[in-house]
Amino acid sequence: MDALLHQIFSGIASGGIYAGLALALVMIYQSTGHINFAQGEMAMFSTYIAWELIDYGTPYWGAFFLTIVFAFAAGVAIERLVIRPFHNLPVIALIIVFIGLLVVVNSTASWIFGTTLKTFPSPFPSEPLWNNHYISNHELGSIGVVLIIVAILFVFFRYTTLGLAMRAVAENPISSRLVGIRVSWMLALGWGLAAAIGAVSGMLVAPILYLDSSMMGGVLIYSLAGAILGGLDNPWGAAVGGFIIGIMENVLGAYVIGTQLKFSVALIVIVVVLLLRPAGLFGRTVVTRV
Amino acid sequence: MAEQVKTSTTSTVAGQPLSSVPLVKSATAQIQAVPLPRRLAGGRAWGIGAIVVIGALLPFALQNFYIFQLTLAMVYAIALIGLNMLVGYNGQVSLGHGALYAIGAYIAAILMNSYDWPYWLSVLPAGVVCLVFGYFFGLPALRLSGHYLALASLALAVTTPQVLKHKALEQWTGGFSGIVLSKPEVPFGLPINQDQWIYFFVYAIMLVLFLGAYNLLRGRIGRAMIAIRDQPIAAEAMGINSAIIKTSTFGVSAFYTGVAGALSAIVVQFVSPDSYDFFLSITLLVGIAVGGFATISGAIYGALFILLVPNFAGELSKSAPWAIYGVLLILVMYFLPTGFAGFVRMIGQRLSAMFTR
Amino acid sequence: MGALLSVKNLTAGYGETVVLHGLNFELREGGITAILGANGAGKTTTLRALCGLCRRRGEIEFDGKRIDNLVAEDVVRLGVAHVPDGRGTFAAMTAEENLRLGAYLRRDRDGVAQDFENVYTLFPRLKERRSQQAGTLSGGEQQMLAIARALMLRPRLLLLDEPSFGLAPLIVQEIYRTLRTINQQTNVSMLLVEQNATLALDLADHAYLVETGRVVISGESETVKADETIRRSYLGY
């Protein structure tokens, strides 16, 4: 029983990580209807920036927020410079561009920052709360941060005019222009926010997985699975989906299919969810009249 | 707005009418639809004939290393034509064809290694297994489109290497270390070396498969595939059974890719789980994008690109070859959205317009 | 009274195709002007050209300002609301969110709240369905939603692209009645594109007949109605 609890808690902990990146994916999906396959790599790159800042002597939280600003700016820049020219091209061309971006960011990171593993500090105290041996403070803190982001996003999309405008752009760019929304800036804003959220998730992952250019590869797969499970159009859903995937990965990995086949959990979840409930557990199914 | 009305009968997922965006620009299809002047069509047949002959003569003019590279390029070309059927012609995006390639390679390797089958007999079973597998993977794919299918197939791509490494299969797959195969002997006492022989072996299979693809894609079924890609509802309304076409396309595409995988095992004489990682799937997709979606000749350009450009990028910069590769990829998509095949065709049309005037 | 909108020598098209070949017309403040014509005459293109949704050349003056070099987002900012063909509602959003988007550019919260009340009074059905996904509304309700969304801008000029399209006659009558009410209550000017000439001429005070991208007949509605060609080809008696 204790072993199972352990698996569940470490599942929740890794779930928090997946949830973080899943939120970033949802951001771009919400505003553009695309799935950014390079999201994990962008997060990894931002984490390196944070590492450099800390290495340079910047206090942790200073580096944290500076990195968020950097990531936001980089996200906006990437959208304007790389993605924008493709806005008229078909989805498949865009997927190729995302993949190109993934490759570029990944190899640039290992080129600039080297290939040795780097330790990354955690902002949370190392002594576990209540002396529990299930979950570390860093993991608890990460979960807390993710929940805060979810709450902010939820309010942002549901209740602010800007959030509403971003959703409108994703759904119908022409009608959005006709109500006066500056579409191209909304898209860039979506990318900026996604990159910022991704950076946060990267900085939360790094103390656990060690910083390395391939750090986010596996995380991306699980996060995608989580986002799809929860619903790509719903921050809450994507976060919950991330947690569920984390728990499934650990529990199934330990007891059912063995750790060697962990990725297949993601595969099975993605396929089953897409088949049975393509909008995800908490996504809205849109019905359209013909 | 007409487009919205049209697509809204398909199930829209999570606020996004996914199918409202054409997956593959039909510009290429339109270009193809322009009837070629008869003289040019004849010229084209001559051109293709010449290329086939040159292809058969090349191994006598090149060093073994280049013969090996070209053989590998042909193997890729077979996989690319398979993938292009699915992605380019039928509009189903797969990020998982590396997995099918791996399955083909392993089936062939296991048949040769554990069951002592001759290499030339192991190619077809590998293709058939992939055909069946692809067909069944195509069933759930019926309900997925665009990004979603890409995702599901991506998960397949990352799972397969893990399965291949798994202990339960180790007695056949050799686990992490994979399987080492022996190099095929030259039969009938032909006066050529082994590399030349493998080249001809692959060359013959490639010609057959290209011919098959040409007949399939330029005929009724090919038109049905394109119709489903561009106008799914209209295609159904015209009596095309899109479920059968889509799953069969998946199957045939998997067959081609599986055959390519089997040939790669024979050519490289080695299979291991990590040679078939997610990057292979991406590489294949890159190949068809660069070669040109929904083109047959594009497979050749694409294969040369994915084989040569990493080397070239490595020579250009020792520290960041993949970064250059990625940048090149983005630039090609931007400047040549119809790929090299589209580019070559455009040049050809310009030239013929100059001469026919 | 000066013209609110005046268009001189407007050409417009898509890609290499030219649809409008030098269109001239005017619209007075508070008036309703109809543009009539058959399929493919260039009616929809006219509206799109005014909004900057397609390539165009010529002089477009709105309220004394040249707007022919503005993009759609900026034309809207001057108070030109467009109800596009096919209605252009945000199908995945609720009716109320659609209306909120209509008021995207407005910063006067009280005024917006007041306008919510106004459009719900004009279209009581939308109030009933305000938390329903727009995509699930009936065609008539969606048309009402599209008009209501445009009104949320508190526009000075309303561009209406075939509000009768694909709707049952009774619904069409209801919508046209409401349009007249809107015009009388708010004095918003309207530019109406319509194939159904009878309806349009009843509502409008001025009308232009467009054929293959050129104005062929223009004048007061009554005059146009009496025109022999119009009567035979477009009114059918």
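Conventions adopted
Along each chain, residue indices are assigned from 1 in the same order as the chain's sequence is written. Just so you know, chain letters begin at A and ligand numbers begin at 1, following the order they were written in. Confidence filtering applies because this is a predicted model: local features only for residues at pLDDT of at least 70, side-chain atom pairs given and counted only at 80 or more, and all residues used for totals across whole chains, interfaces and linings. Remark: hydrogens and water are excluded; side-chain values derive from all non-hydrogen atoms of the structure. Secondary structure elements are defined from DSSP: runs of H or I of at least 4 residues count as helices, runs of E of at least 2 residues count as strands, and each element is numbered from the N terminus. Each radius of gyration reported is based on C-alpha atoms, and the globular scaling rule is 2.2 Å times the count of residues to the power 0.38. Only heavy atoms matter for contacts: two residues are in contact if any of them lie within 4.5 Å across the pair. For accessible areas, the Shrake-Rupley method is used with a probe of radius 1.4 Å. Any residue's cover is judged against the shown protein chains and nothing else. For this count, His and the chain ends are skipped, Lys and Arg are scored as positive, and Asp and Glu as negative. Lys charges are placed at NZ, Arg charges at CZ, Asp charges at CG and Glu charges at CD. Paired strands, in this sense, are two strands between which DSSP finds at least two bridges. Axes here refer to lines fitted to C-alpha atoms; in helices the fit is confined to the stretch in contact. Angles between the N-to-C directions go from 0 to 180 degrees. Buried residues of nine kinds, namely Ala, Val, Leu, Ile, Met, Phe, Trp, Tyr and Cys, make up a nonpolar core once their side-chain atoms join them within 4.5 Å. Each residue is assigned to one of three classes by its accessible area relative to the maximum for its type, calculated with a 1.4 Å probe on protein chains only: buried under 20%, partly exposed between the two thresholds, exposed over 50%. Like-charged residues within 9 Å of one another, or nonpolar side chains (Val, Leu, Ile, Met, Phe, Trp, Tyr) within 5 Å, are grouped into patches, provided each residue has over 30% relative accessible area and no salt bridge. What makes a salt bridge here is a side-chain nitrogen of Lys or Arg within 4 Å of a carboxyl oxygen of Asp or Glu, nothing more. Values of pLDDT, which run from 0 to 100, indicate the predictor's confidence residue by residue. Only protein atoms enter the 1 Å grid used here, on which a cavity is any set of points holding a 1.4 Å probe that cannot leave and a pocket is any open set flanked by protein within 12 Å on both sides along at least five of seven lines; residues with an atom within 4 Å of a point are listed as lining. Grid points are joined across faces, edges and corners, and a volume is the space filled by probe spheres set on the points. Three classes are used, and their members are as follows: Ala, Val, Leu, Ile, Met, Phe, Trp, Tyr, Cys and Pro are nonpolar, Asp, Glu, Lys and Arg are charged, and the others, Gly among them, are polar. Here a pair means two rings of Phe, Tyr or Trp (six-membered ring of Trp) with centres within 6.5 Å. Their orientation is stacked below 30 degrees between planes, edge-to-face above 60, and tilted elsewhere. What a helix should span is 1.5 Å times the count of its residues minus one. Between N or O atoms, a polar contact is any pair within 3.5 Å; within protein, one atom must be a potential hydrogen donor and the other a potential acceptor, and residues adjacent in sequence are included only when both atoms are from side chains.

**Notes on the overall build of chain C**
Step number 1: Within chain C one finds ten helices and ten strands.
Step number 2: In terms of C-alpha radius of gyration, chain C reaches 17 Å, essentially the compact-globule figure of 18 Å for 237 residues.
Step number 3: Considering only C-alpha atoms, chain C reaches an extent of 45 × 40 × 35 Å along its principal axes.
Step number 4: By sequence separation, contacts in chain C at least 24 residues apart represent 67% of the contacts at least 6 residues apart.
Step number 5: Carbon together with sulfur atoms contributes 46% to the accessible area of chain C, which is approximately 10100 Å² in total.
Step number 6: Charge separation in chain C, taken as the distance between the mean sites of 28 positive and 29 negative side-chain charges, equals 3 Å.

**Some remarks on the sheet that holds strand S9 (residues 206-211) of chain C**
Residue and element names in this part refer to chain C.
Step number 1: Strand order in the open sheet formed by six strands is S6-S7-S8-S3-S9-S10, with mixed pairing between adjacent strands. The two strands at the open ends of the sheet, each matched to only one other strand, are strand S6 (80-83) and strand S10 (214-220). In this sheet, neighbouring strand axes are inclined to one another by 15° on average, regardless of whether the strands run parallel or antiparallel.
Step number 2: Bridge analysis of strand S7 (residues 157-161) against strand S8 (residues 189-194) gives five bridges, and the strand direction is parallel. Residue pairing for S8: Leu159 is matched across the bridge by Leu191.
Step number 3: This element, helix H7 (residues 169-186), spans strand S3 (32-36), S7 and S8 of the sheet and lies at about 160° to S8.

**What about the pairing of strand S1 (residues 3-14) of chain C?**
All names here are of chain C.
Step number 1: Of the pairings in the sheet, the one linking S1 to strand S2 (residues 17-28) comprises nine bridges and is antiparallel in character. Residue Leu5 lies in a different strand from S2, and its bridge partner there is Leu27.
Step number 2: Counted between consecutive antiparallel strands, the loop separating S1 from S2 contains two residues, among which Gly15 sits at a positive phi close to 55°.
Step number 3: Taken together, the seven bridges between S1 and strand S4 (residues 55-62) define a ladder with antiparallel strand orientation. Looking across to S4, one finds that Ala12 is bridged to Arg56.

**Considering the nonpolar core**
Step number 1: Counting 207 residues, the largest nonpolar core has Phe37 and Ile181 of chain A together with Phe201, Leu263 and Leu285 of chain B as its most contacted members.
Step number 2: At 16 residues, the largest contribution of residues to this core is made by helix H4 (residues 64-89) of chain B.
Step number 3: Among the nonpolar cores identified, the runner-up in size contains 50 residues, and Val76, Val83, Leu153 and Leu179 of chain C belong to it.

**Observations regarding a nonpolar patch on the surface**
Step number 1: Together, Tyr115, Trp117, Trp120, Leu121, Val163, Leu169 and Trp172 of chain B give the surface a local cluster of nonpolar side chains, amounting to about 650 Å² of exposed area.
Step number 2: Positionally, Trp117 of chain B belongs in the loop between helix H5 (97-114) and helix H6 (119-141).

**What about the pattern of salt bridges?**
All names here are of chain C.
Step number 1: Within this structure, the stated rule accounts for 18 salt bridges over all chains.
Step number 2: When the shortest N-O distance is used, the salt bridge between Arg48 and Asp85 registers 3.4 Å. With Arg48 in helix H1 (residues 43-51) and Asp85 in the loop between S6 and helix H3 (95-102), this residue pair connects regions lying 37 residues apart in the sequence.
Step number 3: Classification of Arg48 as partly exposed rests on a relative accessible area of 23%.

**Here we look at the confidence of the model for chain B**
Step number 1: The predicted model of chain B averages 77 in pLDDT, with 85% of residues at 70 or higher.
Step number 2: Of the regions scoring below 50 in pLDDT, residues 1-39 of chain B engages in 79 contacts with residues more than four places distant in sequence or in other chains.

**A few points about the sheet that holds strand S5 (residues 65-66) of chain C**
Residue and element names in this part refer to chain C.
Step number 1: The strand order across the open sheet built from four strands is S2-S1-S4-S5, with neighbouring strands paired in antiparallel fashion. Of all strands in the sheet, those bounded by a partner on one side alone are S2 and S5.
Step number 2: Here H1 sits on the sheet and contacts S1, S2 and S4; the angle it forms with S1, its principal contact strand, is near 110°.

**Some points on empty space enclosed by the protein**
Unoccupied space between atoms shows up once a probe the size of one water molecule is rolled over them.
Step number 1: Counted under the stated rule, the structure contains four cavities of 30 Å³ or more.
Step number 2: There is about 90 Å³ of room inside the largest cavity.
Step number 3: Around the largest cavity sit Ser175, Leu178 and Val179 of chain A together with Val76, Ala81, His82, Gly102, Ala146, Arg149, Ala150 and Leu153 of chain C, which together line it.
Step number 4: Where the lining of the largest cavity is concerned, the elements lending two or more residues are helix H7 (173-178) of chain A together with S6 and helix H6 (139-151) of chain C.
Step number 5: Per-element accounting of the lining of the largest cavity gives the leading share, three residues, to H6 of chain C.
Step number 6: Partitioning the lining of the largest cavity into residue classes produces seven nonpolar, three polar and one charged.
Step number 7: Of the pockets and cavities examined, the second largest cavity occupies roughly 40 Å³.
Step number 8: Elements represented by at least two residues in the lining of the second largest cavity include exactly H7 of chain A together with H1 of chain C.
Step number 9: The residue inventory of the lining of the second largest cavity, partitioned by class, reads five nonpolar, two polar and three charged.

**Here we look at the packing of aromatic side chains**
To describe a pair of aromatic rings, one takes the distance between the centres and the angle between the planes.
Step number 1: Following the criterion strictly, the structure yields 23 aromatic pairs over all chains and no others.
Step number 2: Relative to Tyr276 of chain B, the ring of Tyr106 of chain B lies with its centre 6.2 Å away and its plane at 70°, an arrangement referred to as edge-to-face. A residue pair is termed long-range when its members are at least 10 positions apart, and Tyr106 of chain B in helix H5 and Tyr276 of chain B in the loop between strand S2 (270-271) and helix H13 (278-291) qualify at 170 residues.
Step number 3: Judged by centre distance (5.7 Å) and plane angle (90°), the ring pair of Tyr199 of chain B and Phe200 of chain B falls under edge-to-face.
Step number 4: Since its relative accessible area comes to 3%, Tyr199 of chain B is described here as buried.
Step number 5: Taken together, the ring pairs in this structure connect Tyr60, Trp61, Phe64 and Phe65 of chain A into an aromatic cluster.

**Some words on H3 of chain C**
Step number 1: For H3 of chain C, the tally of buried residues reaches six of eight residues, placing the bulk of the element in the interior.
Step number 2: Buried residues along H3 of chain C sit against helix H6 (161-171) of chain A together with helix H4 (109-122) and H6 of chain C.

**What to know about helix H9 (residues 194-217) of chain B**
The α-helix winds at 3.6 residues per turn, so residues separated by three or four positions along the chain end up facing the same way.
Step number 1: With 24 residues, H9 of chain B should reach 34 Å at 1.5 Å per residue; the first-to-last C-alpha distance of 34 Å fits that figure.
Step number 2: By the N-cap criterion, in which a side-chain oxygen at the helix start approaches the backbone nitrogen of a residue two or three places on, H9 of chain B is capped by Asn193 of chain B, the distance to Asp195 of chain B being 3.1 Å.

**Side note on the side chain of Thr249 of chain B**
All names here are of chain B.
Step number 1: Following the sequence through the fold, Thr249 ends up in helix H12 (residues 242-268).
Step number 2: For Thr249, the side chain forms a polar contact with the main-chain oxygen of Ile245, separated by 2.5 Å.
Step number 3: Setting aside chain neighbours within four positions, we find Thr249 in contact with Met85, Leu86, Asn90 and Met225.

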